[in-house]
Amino acid sequence: MENKSSNNFISYVGLEEHEMQTFNSSRRNSLVENGIKLLPGEVLIAEAQSVLMFSPVSDLKQGISGNLSVTNFKLTFVTSDDLSNEEDITHQQNHLYGYTDTCLTNIDEIYIMGDKKKKLVPGSTVPSKVKGIFIVCKNLRTWSFSFKFSPLGHGKNLLTALLHHAFPRRHQLLFAYDYKEAYYSSLDKNVQLFRDIADWQNELKRTLRSDEIRKGWRLSMVNAKFQLSPSLSQYVIVPASVTDRQLTDAAKHFQGNRPPVWSWTNAHGAALVKMPELLPTITERMHENIMFENIRKSHPQKNPPVVIELNKEINLKLVAAAFTKFINLCSPENIRQFWIQDNNFYSLLETTKWLKYISYCLQKAVEVCDHLNLGISVILQETTARDLCCIISSLVQLLLDPHFRTITGFQSLLQKEWVAGGHPFCDRLGHIVKPNSEKSPLFLLYLDCVWQLTQQFPTEFEFTETYLTTLWDTAHVSIFDTFIFNCERDRAVAAMDPNTPLVLRSVWDWREQFNDQDILLFYNPLFIPRNVDKAEGQERQCRTIIKPLYTISSLELWTQCYFRWIPTLEIHNGGQRHIELYVRLLQNDVNQLKLNINDNHGSSVNKIGTYSLHTNIDSFHPFSNKRSGNLVNAPIMNSSIFLTENLLDAQSLITATD
């Protein structure tokens with residue numbers, strides 16, 4: 001049978017690195033229509049001319065004139081300045097959309113401005129005369145536009161199109177289905193997607209190292225072709241003592257038809273398991289007790305597991321309500337509102353309860369770790385085991401397993417616990433409008449928890465906060481399959497559609513969006529790898545475990561993610577980004593010395609790229625838009641040959657005086 005995707009094949013054999021980079025960038029030479037760069041499959045729907053765009057959190061008196069347009073992918077604002085040379089711009093540059101664009105799936109709320117501010121929802125009647133609109137995005141960016149000088153009817157036409165296309169009612173209306181760019185994957189082979197049985201086998205082999213531990217668990221194909229549960233992966237790891245028939249019988253009694261499944265095991269043989277709650281109609285707990293017993297048998301010492309219920313103090317609606325209040329605090333409409341909120345900022349922050357829920361998640365993760373470190377297996381229990389279970393289980397693995405603190409390991413962790421685990425990204429991120437919305441930013445809650453860990457342990461994580469912030473932005477780009485589906489079954493059905501099969505594009509293929517210069521900022525220059533060798537003994541292994549502080553007083557506010565669109569709060573030529581910059585420059589000096597030594601000894605280093613580092617940057621770099629100052633060309637090692645050495649004492653730089 002002919003493979004429909006065969007025309008996507010291209011051979012890279014014989015292509016040098018620089019030739020590949022040139023090819024990758026040139027294939028996105030988008031069609032330009034009315035000054036708008038359109039991706040393959042993207043079409044212009046509506047346009048308003050002579051629109052004023054105001055700076056965020058400004059006095060709304062002086063704006064930039066340009067054309068505002070809606071496509072089937074984005075809202076885009078184009079001025080004559082956009083056609084000029086942008087080589088001296090320091091902000092992150094996405095291949096898919098520009099700095100004055102926003103993906104339609106990123107739009108959260110639209111308000112029509114006039115004598116009174118009025119929120120519009122899909123189906124709202126748009127007045128014939130539209131003075132202006134105010135838009136709040138899911139990544140907290142705000143947009144203010146005025147149609148004061150636009151031709152009559154332009155504002156209404158554009159707003160009507162925006163309301164219709166920014167809030168689709170069917171999944172097939174997402175841009176991923178229209179995007180016609182051929183896909184040549186350059187995904188890192190070390191990132192495990194957990195769609196193939198080999199990835200699950202490798203994870204079992206990596207974590208279950210001794211024969212005694214390994215014999216307690218097995219890989220089951222009871223959910224092959226999603227015949228048991230549509231929201232589970234086709235491959236699940238379950239206690240070795242339970243048969244597939246028992247699993248099938250037990251699944252009928254749990255919500256989502258999901259039996260308990262394995263997530264991770266430590267060196268003691270203590271396992272981390274995710275389990276849904278029983279169906280509300282079932283009062284007999286026999287099948288639940290049978291699963292508890294099988295999990296007990298999987299332990300080398302047959303220790304009984306501990307059950308931790310996650311729904312008691314936090315749930316979807318509480319997190320959603322907290323974030324709604326938090327959005328209002330982080331996206332003021334104008335400078336007057338900003339200063340009013342600023343006078344009572346910390347009391348307003350406390351009423352949102354956002355930090356309270358971060359504290360709760362970290363506390364639960366530490367609680368689970370304490371049990372596991374004592375050799376006790378833990379069962380995380382939640383309604384369908386697809387939401388809070390994803391947060392806590394992946395936090396626990398970050399705290400206990402240094403493999404997941406690398407970039408490829410972290411991406412594999414998200415694939416295993418969130419994507420394969422069936423977290424309903426489409427519903428929680430609000431990609432599709434539904435009558436009874438279950439939208440709730442649980443993924444952002446998790447990323448904020450991870451950010452807290454990176455602040456408390458700056459040398460333990462290979463990725464930076466810029467990586468985490470970019471990841472939240474990318475969750476709202478309706479091109480990548482990673483975050484637009486509710487489960488693996490939906491993803492597989494879309495990819496195998498006989499009429500219009502969806503091309504699956506992984507979000508972890510970062511070169512689809514960014515050049516090497518931007519990707520470089522994802523890597524933490526302070527990172528110290530923790531390679532645990534069994535021969536090194538238990539003392540060495542204990543040093544790989546991290547235990548965060550979780551009280552609210554110990555937490556910080558993730559300013560880069562939440563406040564980067566508020567110019568008033570930006571520190572010019574300062575902030576954490578400057579510390580990171582100088583660490584990179586020092587690291588480059590050390591790398592150059594090592595290069596010279598290797599050259600003198602006749603050795604060679606495989607990959608060295610020269611990148612231009614901006615030295616005149618602000619605290620929200622690379623998300624703030626400003627003209628660059630000085631540039632420093634610095635050689636950056638891409639081959640990780642020095643990753644096992646501590647190139648810099650991080651604390652000495654952080655505590656150094658200016």
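Residues numbered from 1 in each chain as written. Predicted model: local features only at pLDDT ≥ 70, side-chain atom pairs only at ≥ 80, totals over all residues. Heavy atoms only, no water.

**Comments concerning the packing of helix H12 (residues 407-419) against helix H15 (residues 465-474)**
So, step 1. Running from amino to carboxyl end, H12 crosses H15 at an angle of 35°, the nearest separation of the two axes being 13 Å. The crossing of H12 and H15 is right-handed. Each of Ile407, Phe410, Gln411 and Leu414 in H12 lies in contact with H15, whose residues at this interface are Tyr467, Leu468 and Leu471.
So, step 2. Of the residues that constitute the contact of H12 with H15, the class distribution is six nonpolar, one polar and no charged. (Axes fitted to C-alpha atoms, helices over the stretch in contact; angles between N-to-C directions. Helix = DSSP H or I, 4+ residues; strand = E, 2+ residues; numbered from the N terminus. Left-handed = near helix turned anticlockwise from the far one by under 90°. Contact = heavy atoms within 4.5 Å. Nonpolar A, V, L, I, M, F, W, Y, C, P; charged D, E, K, R; others polar.)

**Overview of helix H2 (residues 154-166)**
So, step 1. For H2, built from 13 residues, the straight-helix expectation of 18 Å at 1.5 Å per residue is met to within 8% by its first-to-last C-alpha distance of 18 Å.
So, step 2. Regarding H2, the residues found buried are His154, Gly155, Leu158, Leu159, Ala161, Leu162, Leu163 and Ala166.
So, step 3. On the buried face of H2, the contacting elements are strand S3 (44-54), strand S4 (63-71), strand S5 (74-78), strand S7 (107-113), strand S8 (118-120) and strand S9 (132-137). (Expected span 1.5 Å × (residues − 1). Buried < 20%, exposed > 50% of the residue type's maximum accessible area, 1.4 Å probe, protein only.)

**Digging into the sheet that holds strand S15 (residues 306-309)**
So, step 1. The strand order across the open sheet built from four strands is S13-S14-S16-S15, with neighbouring strands paired in mixed fashion. One side of each edge strand has no neighbouring strand; the edge strands of this open sheet are strand S13 (261-265) and S15. Put simply, the sheet's adjacent strands are angled 25° from each other on average, direction ignored.
So, step 2. As paired strands, S13 and strand S14 (residues 271-276) are joined by four bridges and run antiparallel to one another. What sits directly across from tryptophan 262, in S14, is valine 273.
So, step 3. The sheet strands contacting helix H6 (residues 286-298) are S14, S15 and strand S16 (378-382), and the helix crosses S14 at an angle near 170°. (Pairing = 2+ DSSP bridges.)

**Considering the sheet that holds S9**
So, step 1. The strand order S6-S5-S4-S3-S10-S9-S7-S8 describes an open sheet built from eight strands, whose pairing is antiparallel. Looking at the sheet topology across the chains shown, the edges are occupied by strand S6 (101-103) and S8. For this sheet the average axis-to-axis angle between neighbouring strands, irrespective of direction, equals 30°.
So, step 2. With six bridges connecting them, S7 and S9 associate as antiparallel partners. Of the residues in S9, the one forming a bridge with methionine 113 is glycine 132.

**Quick word on the confidence of the model for the chain**
So, step 1. Confidence along the chain averages 86 in pLDDT terms, with 85% of residues attaining 70 or more.
So, step 2. This stretch, residues 1-27, has a pLDDT under 50; its non-local contacts, to residues over four places away or in other chains, come to 22 contacts. (pLDDT = per-residue confidence, 0-100.)

**Some thoughts on the packing of helix H10 (residues 354-373) against helix H11 (residues 388-400)**
So, step 1. Two elements in contact, H10 and H11, have axes separated by 9 Å at closest approach and are oriented at 60°. In terms of orientation, H10 lies oblique with respect to H11. Regarding H10 and H11, the two cross each other, and that crossing is right-handed. Across from Cys361, Leu362, Lys364, Ala365, Val366, Val368, Cys369, Leu372 and Asn373 in H10, the residues of H11 making contact are Ile391, Ile392, Leu395, Val396, Leu399 and Leu400.
So, step 2. Taken together, the residues of the contact of H10 with H11 break down into 13 nonpolar, one polar and one charged. (Parallel < 35°, antiparallel > 145°, perpendicular 65-115°, else oblique.)

**Structural notes on helix H20 (residues 576-600)**
So, step 1. Here H20 is 25 residues long and its end C-alpha atoms lie 37 Å apart, about the 36 Å a rise of 1.5 Å per residue gives.
So, step 2. Buried residues of H20: Arg577, His578, Glu580, Leu581, Val583, Arg584, Leu585, Asn588, Asn591, Lys594 and Leu595, and no others.

**Let's talk about the pairing of S3**
So, step 1. Pairing analysis gives eight bridges linking S3 to S4, with the strands arranged antiparallel. Counterpart to alanine 46 in the pairing with S4 is valine 70.
So, step 2. Sheet topology note: the S3/strand S10 (residues 142-146) ladder contains three bridges and is antiparallel. Paired with methionine 53 across the two strands is phenylalanine 145, which belongs to S10.

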